[in-house]
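The chain contents come next:
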Amino acid sequence: MRWFLLFLILGCVHGSAQLLLRINGAPPVTISAADLAALPRHSATSNDHGKHIPYEGVLLHDVLEKGGINFGKGLRGKQLSTYVEALASDGYQVVFALADVDPTIADSGILVADKRDGQALAATEGPLRIVVPHDKRPARSLRLLREIDVVQLNK
Ligand SMILES: Nc1nc2c(c(=O)[nH]1)N[C@H]1C(S)=C(S)[C@@H](COP(=O)(O)O)O[C@H]1N2
Ligand SMILES: [Mo]
């Protein structure tokens, strides 16, 4: 019973694989674990100081599309001065241009990953993290992903 409670508490602290998505200051919507599970799976390798680590998850592009970003036949106009900010539960933040996530412009393959080496992410980096496969240094591969904010600069 004591072990059961311990695992229950650890499970709650670690949290389920969900994230908040805020588009242009609107109240955030929750992208639930079920929403994520419904998206196509992709894999990518992160390059960590010469070590290649296999990750799996969903495309950041697909998460943003699910949240209402219309990529259409390719981004245009004000969408090209829009950025995507990823926020972690330790306060770390990184930004990408929305254009970097548009497959008609770049093959960035940026992932919202939930597995490393085929296993669920450890509490130190998950349950979700960003993986930027083509970066030479994993500085933008944000661990402990909590929220994504999409901000259009040119109103
Ligand atoms: N949440 C969070 N993510 C982060 C960081 C951080 O401090 N906090 N550091 C970044 C940097 S500088 C690097 S090099 C990588 C290291 O990833 P690793 O801890 O999986 O090796 O995480 C990146 N993601
Ligand atoms: Mo780093």
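Residues numbered from 1 in each chain as written. Chains lettered and ligands numbered in written order. Predicted model: local features only at pLDDT ≥ 70, side-chain atom pairs only at ≥ 80, totals over all residues. Heavy atoms only, no water.

To continue, consider the overall build of the protein chain. Along its length, the protein chain carries three helices and ten strands. Relative to its length of 155 residues, the protein chain is compact, with a C-alpha radius of gyration of 16 Å against a globular reference of 15 Å. Along the three orthogonal principal directions, the C-alpha set of the protein chain runs to about 60 × 40 × 30 Å. Counting all 155 residues of the protein chain, 37% fall into the buried class. Looking at the protein chain alone, contacts between residues at least 24 apart form 57% of all its contacts between residues at least 6 apart. Of the roughly 8,900 Å² of accessible surface on the protein chain, a fraction of 57% belongs to carbon and sulfur atoms. One way to put it: in the protein chain the 17 positive side-chain charges average out to a point 2 Å from where the 16 negative ones average out. (Helix = DSSP H or I, 4+ residues; strand = E, 2+ residues; numbered from the N terminus. Rg over C-alpha atoms; globule rule 2.2 N^0.38 Å. Buried < 20%, exposed > 50% of the residue type's maximum accessible area, 1.4 Å probe, protein only. Contact = heavy atoms within 4.5 Å. Areas by Shrake-Rupley, 256 points an atom, 1.4 Å probe, with all protein chains shown as cover. Lys, Arg positive; Asp, Glu negative; His and termini not counted. Charge placed at Lys NZ, Arg CZ, Asp CG, Glu CD.)

By size, the foremost hydrophobic cluster in this structure holds 29 residues, and its most contacted members are Leu60, Leu64, Phe96, Val112, Ile130, Leu145 and Ile148. Of all the secondary-structure elements, those providing two or more residues to this core are β1 (19-23), α3 (60-66), β5 (82-88), β6 (93-97) and β10 (145-152). Apart from the residues within four sequence positions on either side, Ile148 is in contact with Leu19, Leu20, Leu21, Arg22, Leu60, Leu64, Val84 and Glu85. Formed by eight residues, the second largest nonpolar core is a distinct cluster that contains Ile53, Ala113, Leu121 and Val131. (Core = buried A, V, L, I, M, F, W, Y, C linked by side-chain atoms within 4.5 Å.)

Confidence in the prediction of the protein chain, expressed as mean pLDDT, is 92, and 91% of residues score 70 or more. The model gives residues 6-13 a pLDDT under 50, and that stretch makes zero contacts with residues more than four places away or in other chains. (pLDDT = per-residue confidence, 0-100.)

Most of β5 is tucked away: six of the seven residues are buried. Here seven bridges tie β5 to β10, and the two strands are oriented antiparallel to one another. Within β10, the residue paired with Glu85 across the bridge is Asp149. With five bridges joining them, β5 and β6 adopt antiparallel strand pairing. Looking across to β6, one finds that Val84 is bridged to Phe96. The turn linking β5 back onto β6 is made up of four residues, and Gly91 within it adopts a positive phi angle of 95°. (Pairing = 2+ DSSP bridges.)

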